[in-house]
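Okay, here's what each chain looks like letter by letter:
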Amino acid sequence: MNPQIEESWLEALRDEFEKDYFKSLKSFLKEEKSNHIIYPPGNKIFTAFNLCPLNAVKVVIIGQDPYHGPGQAHGLSFSVPPGIAIPPSLRNIYKEINEDLGIPIAKTGNLEKWAAQGVLMLNAILTVRANQAASHHNRGWERFTDTAIKTISDLRAGIVFLLWGNFAISKKKLINTEKHFVLTSVHPSPLSASRGFFGCKHFSKTNKILRENGIGEIDWNPVS
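Computed from a predicted structure; not experimentally measured.

Asker: In this structure, what is going on with the packing of helix 1 (residues 7-17) against helix 6 (residues 141-155)? I would like to understand it.
Answerer: Closest axis-to-axis distance for the helix 1/helix 6 pair is 11 Å, and the angle between their directions is 140 degrees. Judged on the interaxial angle alone, helix 6 and helix 1 are oblique. Both helix 1 and helix 6 take part in a crossing whose hand is right-handed. Contact residues: W9, A12, L13, E16 and F17 in helix 1; F144, T147, A148, T151 and I152 in helix 6. Looking at the contact of helix 1 with helix 6 residue by residue, the class counts come to 7 nonpolar, 2 polar and 1 charged.

Asker: I tried to follow the packing of aromatic side chains on my own but got confused; where do I start?
Answerer: Geometrically, a pair of aromatic rings is defined through the distance of the ring centres and the angle of the planes. Counted under the stated rule, the structure contains 18 aromatic pairs. The interplanar angle of 85 degrees and the centroid separation of 6.3 Å between the aromatic rings of F17 and F46 together place this pair among those described as edge-to-face. Of this pair, F17 sits in helix 1 while F46 sits in the loop between strand 1 (38-39) and helix 3 (47-50), and the two are 29 residues apart along the sequence. Neither residue differs from the other here; F17 and F46 are each classed as buried. Grouping aromatic residues by their ring pairs yields a cluster made of W9, F17, Y21, F22, F46, F49, W141 and F144.

Asker: Explain the packing of helix 4 (residues 88-101) against helix 8 (residues 202-212) here, please?
Answerer: Between two packed helices, both the angle of their axes relative to each other and the distance between the axes serve to describe the pair. Two elements in contact, helix 4 and helix 8, have axes whose closest approach is 8 Å; the angle formed by their N-to-C orientations is 60 degrees. In terms of orientation, helix 4 lies oblique with respect to helix 8. Every residue of helix 8 that contacts helix 4 at I93, E96, I97, D100 and L101 is listed here: H202, F203 and S204. For the contact of helix 4 with helix 8, the residue count by class is 4 nonpolar, 2 polar and 2 charged.

Asker: Just to check I follow, could you spell out helix 4 for this structure?
Answerer: Think of an α-helix as 3.6 residues a turn; residues three or four steps apart then line up on the same face. A rise of 1.5 Å per residue sets the reference length of helix 4, with its 14 residues, at 20 Å; its end C-alpha atoms lie 20 Å apart and thus fit the reference within 8%. Where helix 4 is concerned, the buried positions are S89, L90, N92, I93, Y94, E96, I97 and D100. Summarising the contacts, the buried residues of helix 4 are in contact with helix 5 (112-116), strand 5 (160-164) and helix 8. A positive phi of about 75 degrees marks G102, the residue just after helix 4.

Asker: What am I meant to see in the sheet that holds strand 6 (residues 181-185) here?
Answerer: Ordered by their spatial adjacency, 4 strands build an open sheet running 3-2-5-6, and the pairing between neighbours is parallel. Edge positions in the sheet fall to strand 3 (119-123) and strand 6, since each has one partner strand and no second. Strand-to-strand, the axes of this sheet are offset by a mean angle of 20 degrees, without reference to chain direction. As judged from the 3 bridges shared by strand 2 (residues 59-63) and strand 5, these two strands associate in the parallel manner. When the sheet's bridge partners are listed, I61 is paired in strand 5 with L162. Helix-sheet contacts for helix 6 involve strand 2, strand 3 and strand 5, and the interaxial angle to strand 3 is about 155 degrees. Sitting on the sheet, helix 8 touches strand 2, strand 5 and strand 6, and the angle it makes with strand 5 is about 165 degrees.

Asker: Explain the nonpolar core to me, please; I cannot follow it from the model alone.
Answerer: Within soluble globular proteins, side chains that are nonpolar generally end up buried alongside one another. W9, F46, F49, I61, W141, F144 and W220 are the most contacted members of the largest nonpolar core, which has 64 residues in total. Setting aside chain neighbours within four positions, we find W141 in contact with F22, L25, L29, I45, F46, A124, I125, L126 and T127.

Asker: Please explain the environment of P82 as it appears in this structure.
Answerer: Along the chain, P82 falls in the loop between strand 2 and helix 4. Along the primary structure P82 and L111 are separated by 29 residues, whereas in three dimensions their C-alpha atoms are 9.3 Å apart. If sequence neighbours within four positions are ignored, P82 has contacts with T108 and N110.

Reading the values: rules and limits
- Residues numbered from 1 in each chain as written.
- Predicted model: local features only at pLDDT ≥ 70, side-chain atom pairs only at ≥ 80, totals over all residues.
- Heavy atoms only, no water.
- Axes fitted to C-alpha atoms, helices over the stretch in contact; angles between N-to-C directions.
- Helix = DSSP H or I, 4+ residues; strand = E, 2+ residues; numbered from the N terminus.
- Parallel < 35°, antiparallel > 145°, perpendicular 65-115°, else oblique.
- Left-handed = near helix turned anticlockwise from the far one by under 90°.
- Contact = heavy atoms within 4.5 Å.
- Nonpolar A, V, L, I, M, F, W, Y, C, P; charged D, E, K, R; others polar.
- Phe/Tyr/Trp six-rings, centres within 6.5 Å; stacked < 30°, edge-to-face > 60°.
- Buried < 20%, exposed > 50% of the residue type's maximum accessible area, 1.4 Å probe, protein only.
- Expected span 1.5 Å × (residues − 1).
- Pairing = 2+ DSSP bridges.
- Core = buried A, V, L, I, M, F, W, Y, C linked by side-chain atoms within 4.5 Å.

Here's what the structure looks like:
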């Protein structure tokens, strides 16, 4: 197996790539690719890992699966490439950052600047068929990303996990809460944001935790 994934993650997750479930996943993706449009592009599937090595992780934001519209998915949960319209959930994230920290609402949806500072934006499912949400659910990605989350929990300490919505909150069982910090809220989707995401202050709370543990804070302004 030759995954395009950063070296520290390759070392930590090497065994997963040789397991039967991952080989089945790879075969499934080859079949899908021959019959459908798949997002994100192959070289972007592991972007979250590639931009944020294991020893650099400070914060983990867990999403469900990639955006399924043209040009949207580029391997980071909630993020879209430059020039792509900001999706509704991310717009609500920006609103909360503005209320919480006074940072102006960004005009770009590209969150690579967060990743470069140690924010791992990890979708539980790393690929999707065009225009079909959750179409690669239960094909193996969840097992792989659960292992990645547990690897962070086991090998690191003092990480802040931001779990938004029931799906992300279900991953709490993978995290050792005696050595990590878990902040939960409803999802930032327009369907739920007003029921507790707005006002959660997760961004200032995260920086307070990092600061108190002698770790550099995150500049939550996605614009350089």
